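Residue-level structural notes
Below, each chain spelled out in residue letters.
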Amino acid sequence: MTDMHSYDESTDELAWQIFRYALNRVRLDPPPLDGPRSAREIERAVGVTITPDGLGGTRALELFIEELAPSCISTDHQRYLSFVPTAPTEAAALFDVVVGASSLYGGSWLEGAGAVYAENEALRWLADLAGLPGSAGGVFVSGGTAGNLSALVAARHHARSGSDFIPRRWAVVASTSAHSSIAAAAAVMDIDVVQADLDDHRRLTGAAVSEALESVPPGVSVFAVVATAGSTNLGIIDDLETVSEVCATYGLWFHVDAAYGGAALAAPSACQRFVGIDRADSVVIDPHKWLFSPYDCAALLYLHPEIARQAHLQHADYLEPLENGEWNPSDYAHVLTRRARGLPLWFSLATHGTRAYTEAVEHTIGLARDIAAVIASDDRLDLIIEPELSVVAFRRRGWEDDEYREWSRWLLESGRAFVTPTTVDGEMAIRFCIVSPRTTLDGLRGILDTL
Ligand SMILES: *Cc1c(COP(=O)(O)O)cnc(C)c1O
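Let me begin by describing the structure that accompanies this report. All of these numbers come straight from a predicted model, not from anything done at the bench.

1. Some details on a nonpolar patch on the surface
The grouping of Trp 16, Ile 18, Phe 19 and Val 97 at the surface amounts to a nonpolar patch, some 380 Å² of accessible area in total. With three residues, helix H1 (residues 9-27) is the largest single contributor of residues to the nonpolar patch. Position of Ile 18 among the secondary structure elements: in helix H1.

2. Looking at the packing of aromatic side chains
In this description, a pair of aromatic rings is defined by centroid distance and the angle of the planes. Following the criterion strictly, the structure yields 15 aromatic pairs and no others. Between Phe 95 and Trp 346, the ring centres sit 6.0 Å apart and the planes meet at 65°, which makes this aromatic pair edge-to-face. Of this pair, Phe 95 sits in helix H4 (residues 90-101) while Trp 346 sits in helix H13 (residues 343-352), and the two are 251 residues apart along the sequence. On the basis of relative accessible area, Trp 346 is assigned to the partly exposed category, the value being 26%. Taken together, the ring pairs in this structure connect Tyr 80, Phe 83 and Phe 418 into an aromatic cluster.

3. Considering the site of the ligand
Near the ligand, the surroundings consist of 15 residues, among which Gly 144, Thr 145, Asp 257, Asp 286 and Lys 289 are the closest. Separating an oxygen atom of the ligand from a backbone N or O atom of Gly 144 is a distance of 2.8 Å. Between His 288 and the ligand, the recorded distance is 3.0 Å, taken from a side-chain N or O atom to an oxygen atom. In the complex, 86% of the free accessible area of the ligand, which totals 380 Å², lies under the protein chains. Within the residue set of the shell around the ligand, elements represented by two or more residues are helix H6 (144-161) and helix H11 (287-290).

4. Things to note about the pattern of salt bridges
For the structure shown, the criterion picks out 20 salt bridges. For Asp 96, the salt bridge goes to Arg 339, with nearest N and O atoms at 2.6 Å. Residue Asp 96 is found in helix H4, and its partner Arg 339 is found in the loop between helix H12 (305-312) and H13; the two are separated by 243 residues along the sequence. A relative accessible area of 32% means that Arg 339 is categorised as partly exposed. One salt bridge in this structure joins Arg 338 and Glu 119, with 2.9 Å as the shortest N-O distance. In this pair, Arg 338 sits in the loop between H12 and H13 while Glu 119 sits in helix H5 (residues 109-130), placing the two residues 219 residues apart along the sequence. By relative accessible area, which is 3% here, Arg 338 ends up buried. Connected through shared salt-bridge partners, Arg 169, Asp 190 and Asp 192 make up one network.

Criteria and thresholds
- Residues numbered from 1 in each chain as written.
- Predicted model: local features only at pLDDT ≥ 70, side-chain atom pairs only at ≥ 80, totals over all residues.
- Heavy atoms only, no water.
- Patch = residues over 30% accessible without salt bridge, like charges linked within 9 Å, V, L, I, M, F, W, Y side chains within 5 Å.
- Areas by Shrake-Rupley, 256 points an atom, 1.4 Å probe, with all protein chains shown as cover.
- Salt bridge = Lys/Arg side-chain N within 4 Å of Asp/Glu carboxyl O.
- Helix = DSSP H or I, 4+ residues; strand = E, 2+ residues; numbered from the N terminus.
- Phe/Tyr/Trp six-rings, centres within 6.5 Å; stacked < 30°, edge-to-face > 60°.
- Buried < 20%, exposed > 50% of the residue type's maximum accessible area, 1.4 Å probe, protein only.
- Near = heavy atom within 4 Å.
- Polar contact = N/O pair within 3.5 Å; in protein donor to acceptor, adjacent residues only side chain to side chain.

Right, dumping it as structure tokens:
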């Protein structure tokens, strides 16, 4: 039998090869941008990798370094500005290696007390930023999608257990700018989404929620309202204060999806836009987006964690020893086994302190403001709105949809930048989403020069 579990000389050699690569990847600028390769191209270059006898670690690593890794776009590249990029700190990225090597079980206090303690410290920092009370708490899940689902499951559980009334349909109110994961959660939960309109500033307001509530058909029971704090497309923060007031009036669960924008709670220049978030029943913030954590890491916080525990606690005879009154992260989301994925964030926070985070987020907000000013003063370009956070959306005058698509493709294939077009008010637009402190104004100007 091959001894896969012993650490001998060849394991040691492989270990250093792996560490050398990992260290280089963290230390150097991310690999150059390049267009995606087709499955056929990759297959031709890599061939069959899983064989009865194995390729050996050196060969497998070589295939990864030479073919597979370069076939992935570096999402932490300073000119990756599509979707929502990522920008892990060196400390966070390196500590992820430790998390992977340590077989930490992040689901229960019994098994992972030390890891859970550290994760909870990081969650506490986020809860403090949001102004949630000391009794708030939660868990790091895989992403905003998982966080939104788990929060809404907790909210519906709460609504169900609060009354004997069984509606024909359960529903949530959300705006047209809510993230697609809200509709996805609704589909999984088999509930409806009642759409609320946006105001002239493209925000969801309490008035729009009230109006939406009046349009709810008989037999449909709304149990939660979803507000977005930093819409993915434009970075707009809903009017959380008036939405929270309407939720309080009607006794509805107030969920704030701050997956992208929540990082800006750390920035003094932006945090006042979040007024009202302290009244949320649940909040989702993705550190893997704008809080410099590697994938995958999303913080899910509850005002009353006990409600979430009632909804998510799994029961089994063999799980009974875990119910010891301690904090079990798995009880707060639709999950059991979990990686202690909050640890890279914790390590980086513990290393650098929170002020470094404030400065880094401020820096990117300032950069967005600066490039927006450049765009506004360029005759060829139309700035769509002043950026509230770090998304900058604009149009190239006179361009048709295909010109945007063509330019975006060329930009990536030429290794200059990764900028995908979006649609605003039914018309195509260019969108920069800036989360990396490595992104520079000159780099962004250089992209504008190609338009
Ligand atoms: C990115 C995003 C999500 C989804 O988060 P994932 O981590 O990709 O699952 C949800 N809501 C908002 C507002 C987002 O920006």
